[in-house]
Amino acid sequence: MSDTEQIWFGTQIRRSPFFEAVQRWGARSFSVYNHMYIPRDFGDPVQNYWNLVENAILCDVAVERQVDIAGPDAAAFTQLLSPRDLSKMKVGQCKYVLLTNAEGGILNDPILLRLGENHFWFSLADSDVLFWAQGVAVNAGLDVTIREPDVSPLQLQGPKSGQIMQALFGDEIAELRYFHLRELKLDGIPLVVSRTGWSGELGYELYLCDGARGDELWERIMEAGKPFGLAPGHTSTIRRIEGALLSYRADMDIDTNPYELGLGRLVDLDMEANFVGKDALRRIKAEGAARKQVGLILEGEPLPGPNTTYWPLSKDDETVGKVTSAVYSPQLDRNIALALVAAEHAALGTKFDVKASGERRVARVVEKPFYDPKKKSATGAS
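Treat the numbers as computed from the prediction; the structure is a model and nothing was measured.

S.K.: Tell me about the overall build of the chain, residues and numbers included.
M.R.: For the chain, the count of helices and strands is eight helices and 21 strands. For a compact globule of 382 residues, the expected C-alpha radius of gyration is about 21 Å, and the chain comes in at 21 Å, within 12% of that figure. Its C-alpha atoms put the chain at 65 × 55 × 40 Å along the principal axes. Counting the 382 residues in the chain, one finds 55% classified as buried. Expressed as a percentage of contacts within the chain between residues at least 6 apart in sequence, the contacts between residues at least 24 apart total 64%. By element, 47% of the accessible surface of the chain is carried by carbon and sulfur atoms, the whole surface being about 17100 Å². Mean positive and mean negative side-chain charge positions of the chain (42 and 52 charges, respectively) differ by 4 Å.

Spelled out as structure tokens, the structure:
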């Protein structure tokens, strides 16, 4: 950043333990997520994408705040908050879960980590779940303590992230299974390390448990990653849309239910345990979802950047849905998008008119994810 450029930061928004480090390493702009600054720009977003898919990037995602649930009734209370059956979740496991309100609307889609028999973390997307959980607890009649701990994650993502982790922690870290965690120390820095991430690539999350050591941790990882091409970065909109990874407040919100997103597998209506929204979700399932999420290919020239507003989708001059996330994929050489459309228009091959930043384009429903899990072929763009 030149001497004439300046980013102004207010005191009312929280700063992560890595805040100074990411500025030194080239962060050019920030957004706000969970009442905290998050770096969104380290230069060319396409280069950030290639850094991710070819080598590795380190991302400050301390904005993924933790809701810590502990106490004798922690397991029962955690189940009360989520429609996914957690009865078989073991200590050391992570699960992708939904949190729903009494109407079946999605409040958040966090990763749940089980650190002990009576100790859980919800690692949050952008919404005030801490306040909601504390409110639910008031009349739950369960013995739990709910708080936000001093825990701030980094994401180390990309095909070479495993090699970097071995350089940091030794060969045994390669045994850490997908969606599992370990409590470790790096040069005395207390961490929870999980095989999770939000990139569509091999990756890890390192949850810093001592905010005073954030700068030290960042520099230690960057030094270890130097031989492997590690670069500072930010979560890649391109890669996450390729993988059809959902973004809360973009692809879903409190007015969206799990069945509209094809996430019925995360709702267990047959389990004995009760959870918030169970009756509403039973009704929604019986009636059938009014909308469905689909993948789209948008014709025309490459989009200049991700959408910053919802783009209306129309068929026969009638609005039937909206594009929620869209971007140009340099690897697929296609404009790809996620959308919510009326269920009767969700069939593969259906075409729509889309008004994208004032420009008319044709969109076509395709399979998702756009890039398959083995990263060998473009399933939707072929």
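S.K.: Describe a negative patch on the surface, naming the residues involved and giving the relevant values.
M.R.: Residues Asp-316, Asp-317, Glu-318, Glu-344 and Asp-353 make up a contiguous surface patch of negative charge. Note that Asp-317 resides in the loop between strand E17 (311-315) and strand E18 (318-329). Taking relative accessible area as the criterion, Asp-317 reaches 78% and is therefore assigned exposed.

S.K.: Lay out the pairing of strand E20 (residues 351-356) with the relevant residues and their values.
M.R.: Side chains of E20 alternate between two faces, with Phe-352, Val-354 and Ala-356 buried and Lys-351, Asp-353 and Lys-355 left unburied. Examined bridge by bridge, E17 and E20 share two bridges and lie antiparallel to one another. In the strand pairing of E20, Leu-313 is matched with Val-354. Counting the residues in the hairpin turn of E20 and strand E21 (residues 359-366) gives two residues, including Ser-357, whose phi is positive at 55 degrees.

S.K.: Describe the pairing of strand E15 (residues 230-233), naming the residues involved and giving the relevant values.
M.R.: Of the two faces of E15, both are covered, the one formed by Leu-230 and Pro-232 as well as the one formed by Ala-231 and Gly-233. Judged from the four bridges that link them, strand E3 (residues 56-60) and E15 form a sheet pairing that is parallel. Bridge pairing links Ile-57 to Ala-231 in E15.

S.K.: Go over the side chain of Ser-123 with me, naming the residues and quoting the values.
M.R.: Along the chain, Ser-123 turns up in strand E9 (residues 119-123). Classification of Ser-123 by relative accessible area gives buried; the value is 6%. Contacts of Ser-123, omitting those with residues within four sequence positions, involve Glu-64, Arg-65, Gln-66, Pro-110, Ile-111, Leu-113 and Tyr-207.

S.K.: How would you sum up unusual backbone geometry? Please name residues and give values.
M.R.: Residues apart from glycine generally show negative phi values, whereas peptide bonds are mostly found in trans. With an omega of 5 degrees, the peptide bond between Lys-368 and Pro-369 qualifies as cis. As for its placement among the helices and strands, Pro-369 is situated in the segment after E21. Notably, His-35 is not glycine yet its phi reads approximately 65 degrees, a positive angle.

Thresholds applied
Residues numbered from 1 in each chain as written. Predicted model: local features only at pLDDT ≥ 70, side-chain atom pairs only at ≥ 80, totals over all residues. Heavy atoms only, no water. Helix = DSSP H or I, 4+ residues; strand = E, 2+ residues; numbered from the N terminus. Rg over C-alpha atoms; globule rule 2.2 N^0.38 Å. Buried < 20%, exposed > 50% of the residue type's maximum accessible area, 1.4 Å probe, protein only. Contact = heavy atoms within 4.5 Å. Areas by Shrake-Rupley, 256 points an atom, 1.4 Å probe, with all protein chains shown as cover. Lys, Arg positive; Asp, Glu negative; His and termini not counted. Charge placed at Lys NZ, Arg CZ, Asp CG, Glu CD. Patch = residues over 30% accessible without salt bridge, like charges linked within 9 Å, V, L, I, M, F, W, Y side chains within 5 Å. Salt bridge = Lys/Arg side-chain N within 4 Å of Asp/Glu carboxyl O. Pairing = 2+ DSSP bridges.

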